[in-house]
Amino acid sequence: MIQDYYIIDFSYDVEDNKPLIYIWCVDKEGNRVVVLEKNFRPYFYAVLDDNPDIEKITDEIKKLSTPASPITNIDQLERKYYGNPVKVLRIETIIPAYIRIYRDQVSKIKGIKEVVEADIRFYMRYSIDKNLKPFTWFKADVEEIPNEKFRVKKVYELKNILETYEDKPPDLKIMAFDIEVFNKYGSPNPRRDPVIIIGVWTDEGEKQFITDDDDLKTIREFSNFVLNHDPDIILGYNSNRFDWPYLLERTKLRNVKLDIGRKINSEPTQGTYGHYSIVGRLNVDLFGFAMSIEEVKVKSLDNIADYLGILPKTQRVNLEWYQIPEYWTDDKKRKILLQYNLDDVKSTYLLKDAFLPFGEQITTITGLPLDQLSMASVGYRVEWLLMREAFFYNEIIPNRVEREYESYKGGLVIPPKPGIHEKVYVLDFSSMYPSIMIKYNIGPDTLVKGECDNCWVAPEVGHKFRKSPDGFYKTILQKLVEERKEVKSKLKEVENEYERRRLDERQRALKIMANAFYGYMGWLGARWYSKEGAEAVTAWGRETISEVAKLVQSEGFEVIYGDTDSVFITAKDESKINNIVKEIIDKFGLDIKIDKEYEKIFFTENKKRYAGITKEGKIDIVGFEAIRGDWCDLAKNIQKDVIVKVLTSSIDDAVKLVRETIMKLRRREFNIEDLVIWKSLDKDINEYNVDAPHVNAAKKAMKAGYAIFKGGKIGYIVVKGNGKISQRAEPYFMVKDKSRIDIDYYIDRQIVPSTLRILEQFGITENTLKNTGINIMDFFNKK
DNA sequence: TATGACCGGGG
DNA sequence: GTGTACGGTCATA
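Residues numbered from 1 in each chain as written. Chains lettered and ligands numbered in written order. Predicted model: local features only at pLDDT ≥ 70, side-chain atom pairs only at ≥ 80, totals over all residues. Heavy atoms only, no water.

### Let's talk about the UniProt feature "coiled-coil region" (unreviewed entry) in chain A
Here comes step 1: Residues given the UniProt feature "coiled-coil region" (unreviewed entry) here are residues 477-504.
Here comes step 2: Helix makes up 89% of residues 477-504 and strand 0%, with an end-to-end C-alpha separation of 19 Å. (UniProt positions renumbered as here; feature names shortened; annotations may be inferred. Helix = DSSP H or I, 4+ residues; strand = E, 2+ residues; numbered from the N terminus.)

### Observations regarding the layout of surface pockets
Here comes step 1: In this structure, the second largest pocket encloses a volume near 620 Å³.
Here comes step 2: As for the second largest pocket, its lining consists of 22 residues, of which Ser431, Ser435, Val481, Arg484 and Asp591 are closest to the centre.
Here comes step 3: Its residues assigned to classes, the lining of the second largest pocket comprises 8 nonpolar, 6 polar and 8 charged. (1 Å grid on protein atoms, 1.4 Å probe; cavity = no way out; pocket = protein on both sides within 12 Å on 5 of 7 lines; lining within 4 Å. Points joined across faces, edges and corners; volume = space filled by probe spheres on them. Nonpolar A, V, L, I, M, F, W, Y, C, P; charged D, E, K, R; others polar.)

### A word on the nonpolar core
Here comes step 1: Core analysis: the largest hydrophobic core is formed by 129 residues, its most contacted members being Ile23, Phe138, Phe517 and Ile584.
Here comes step 2: Sorting elements by how many residues they give to this core places helix α14 (residues 497-521) first, with 10 residues.
Here comes step 3: Setting aside residues up to four positions removed in sequence, Phe517 forms contacts with Val382, Leu385, Leu386, Met437, Tyr473, Ile476, Leu477 and Leu480.
Here comes step 4: Membership of the second largest hydrophobic core comes to 48 residues, among which are Ala635, Ile651, Val735 and Tyr745. (Core = buried A, V, L, I, M, F, W, Y, C linked by side-chain atoms within 4.5 Å. Buried < 20%, exposed > 50% of the residue type's maximum accessible area, 1.4 Å probe, protein only. Contact = heavy atoms within 4.5 Å.)

### Side note on the packing of helix α3 (residues 122-129) against helix α11 (residues 378-392)
Two packed helices can be described by the angle between their axes and the distance between those axes.
Here comes step 1: Packing of α3 against α11 leaves a shortest axis separation of 9 Å and a crossing angle of 50 degrees. Taken together, α3 and α11 sit at an angle that is classed as oblique. For the pair α3 and α11, the crossing hand works out as right-handed. Counting all contacts with α3, which are made through Met124, Arg125, Ser127, Ile128 and Asp129, the residues of α11 involved are Trp384, Met387, Arg388 and Phe391.
Here comes step 2: Looking at the contact of α3 with α11, its residues break down into 5 nonpolar, 1 polar and 3 charged. (Axes fitted to C-alpha atoms, helices over the stretch in contact; angles between N-to-C directions. Parallel < 35°, antiparallel > 145°, perpendicular 65-115°, else oblique. Left-handed = near helix turned anticlockwise from the far one by under 90°.)

### So, a negative patch on the surface
Here comes step 1: On the surface, a cluster of negative charge is contributed by Asp53, Glu55, Asp59 and Glu60.
Here comes step 2: With respect to the secondary-structure elements, Asp59 resides in helix α1 (residues 54-64).
Here comes step 3: Asp59 gets classed as partly exposed once you look at its relative accessible area, which sits at 43%. (Patch = residues over 30% accessible without salt bridge, like charges linked within 9 Å, V, L, I, M, F, W, Y side chains within 5 Å. Areas by Shrake-Rupley, 256 points an atom, 1.4 Å probe, with all protein chains shown as cover. Salt bridge = Lys/Arg side-chain N within 4 Å of Asp/Glu carboxyl O. Lys, Arg positive; Asp, Glu negative; His and termini not counted. Charge placed at Lys NZ, Arg CZ, Asp CG, Glu CD.)

### Notes on the pattern of salt bridges
Here comes step 1: One pass over the full model with this rule turns up 47 salt bridges.
Here comes step 2: Among the ionic pairs, Asp4 bridges to Lys139, the shortest N-O distance being 3.2 Å. Of the two residues, Asp4 is situated in strand β1 (residues 2-15) and Lys139 in strand β8 (residues 137-145); the sequence distance between them amounts to 135 residues.
Here comes step 3: Look at Asp4 and you get buried, because its relative accessible area is 12%.
Here comes step 4: By relative accessible area, which is 25% here, Lys139 ends up partly exposed.
Here comes step 5: For Arg316, the salt bridge identified is with Asp344, shortest N-O distance 2.9 Å. With Arg316 in the loop between α7 (301-307) and α8 (324-329) and Asp344 in helix α9 (residues 331-366), this pair connects stretches of sequence that are 28 residues apart.
Here comes step 6: Among the residues examined, Arg316 registers a relative accessible area of 9% and is labelled buried.
Here comes step 7: Bridged by salt links that share partners, the residues Arg32, Asp230, Asp232, Arg262 and Arg281 form one connected network.

### Structural notes on unusual backbone geometry
What is expected of a backbone is that most residues other than glycine have negative phi and most peptide bonds are trans.
Here comes step 1: For the peptide bond that leads from Ser468 to Pro469, omega is -5 degrees, which places it in the cis range.
Here comes step 2: Inspection of the secondary structure puts Pro469 in the loop between β21 (464-466) and α13 (472-493).
Here comes step 3: A positive phi angle, close to 50 degrees, is found at Asn441, a residue other than glycine.
Here comes step 4: Of note, Asn441 is situated in the loop between α12 (432-439) and β19 (447-448).
Here comes step 5: Asn441 gets classed as buried once you look at its relative accessible area, which sits at 0%.
Here comes step 6: In this structure, Glu460 takes a positive phi of about 65 degrees despite not being glycine.
Here comes step 7: Note on placement: Glu460 falls in the loop between β20 (455-457) and β21.

Listed below in structure tokens is the structure:
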């Protein structure tokens, strides 16, 4: 029979000594089904030398065949390798794991130059070859077979794929979850500390499973809920590195399986680094998507949800993790802890609106399933797209090669003019690098070494790229650009709100993929790496931006800063700004736009660091490092406050604020919590060779009988005494007496540096800040 | 100035 | 599972 299926995910098993691919799907009626492919076989290519004795080579390969997984086929084929025609042998076997064994043996045979495409995951190979992508549909001839071991409505055996296409997706069931565990001091240890709360949130509402005496019961209730609700997508935040390993360790301890997949008797298994895969469902860790939000420095769930306007911090319960035992033990406070868990799981659920429509589009472009996509770096996303395209164009996928790092010159940074500026416009080339790659046909396959009559020659570096025919990168980039144009023009016609959102995410995803090509080309791990290509892109980029700077200056604007593909300018005559934008577009053939307008902005002498207030009154802070996790709260907060004062009030006010804070510190008017510096412990404490403060603090905690394990955080406070700072770091919970705290450390190493980073260029010195008037003599001496 | 160790998020 | 992140900062040689 012929039916249509929407693909969610792939997986595979070896059964009866044959590989079996599972295509997890939803059918047109909304049934969850699995389609089984029994006939696909793993293979790889051997690239042949120029004048090969094919018969002899084939014989030698045949000799390698073993009964456990015989070599079933050797075909001679024509392929392209970096655009050049080559002869290859396609070597097919039965069991995927044998590819590894045969590739090593075959590569040693004389007459074979190289073995390629032997390092591609089996089901991804299948999805590439059959052009099946998650979140798209396919029409196929299938036969229903008995369902013995799957938690789906129907099971089909695939006979023949008739077509693949994109269409409106079915409604997918989405569930978010979040666990809380009990641990007093140190880090939670799954061998000891129970899970106390598991919160879930679905479109049907929320639910919490709360531990009474045995958390195994809680986990069972949770896994029953998963089986009953049967979600297609399970969302978590950092779940691949915390929740899943924790739950699995807790159940393993009791010899119980966490059997929640769509294949009966399967557990979440650890796939590629850190990723847990749940058979038949998409286990998506949203932290992976949050990583790409550069505007938020500390990517905690509450920060991300607050930034995206999903759940403002003012409307939720804010607890620090170390307060959890206290709120769990105290009956009156427990309600607050339960609400905290609900707020977290609700945020996680709602983040789907921010991330999933975009992820869905990246998946349909690259073919990378959503669960892997969330963990995959930009490089892998680009690479999956390139690998699909390579198959389409009969291009060989190059092997991964270990490479030595070679630095090359990057984008041009026009040094900032330190100080405060008013009425600043930011002109930004939105897609400078991909445009350059297309314009000059850049890539490893178009690079010409030696003489070339018909080549583009890069400025400064002199690399040459043939003008025609189009290279691999140019071909695919143009496809992306073309499709984006189509999507954008469709967007103008469509009125349906849902369709509009989908198209808008699509055009955004296409743009982001295109912009990632340059970074990919210069990434050491890239299969299509080209140092010369990356070097040429930045060289043409530098040329462009410096010419743009010259042009705007000649028109009477002042350039106060520039970085790679943007220039910051002040305009005396605002009416001319739109004309200059038009002029640049005409002259360079590249799209530039007014990206931002700052009412006020200030630069330090450092590149890539500034803060400004926009026309809309929003404060942007870029590059200042105290917005990081490893500074104490007091230092982080005061840096923010100083920036706000500088932008909205005056330098004097900012200085006053710092002085007041220092005075309060000296008078011991502070909360100890605000002085705690948190660091993570990624190793067992005795594995550390370094004498770092957090390591010493952890050792002291252990000596005092507290359990400290790897994977957790240690908060420390620096106390008075002799010796190095690292030796004077003590676990925060062992410091009860404020008078023991080394106030000078906090002034000199936290408050002063974080605020001086901004105030320095306004002529403020360390002495100005520390001269708090507490010592009258000091005050007069300074005068 | 280069190299290597460390860290993020989660409780 | 035909596999093994990345990019930034800090300490140390």
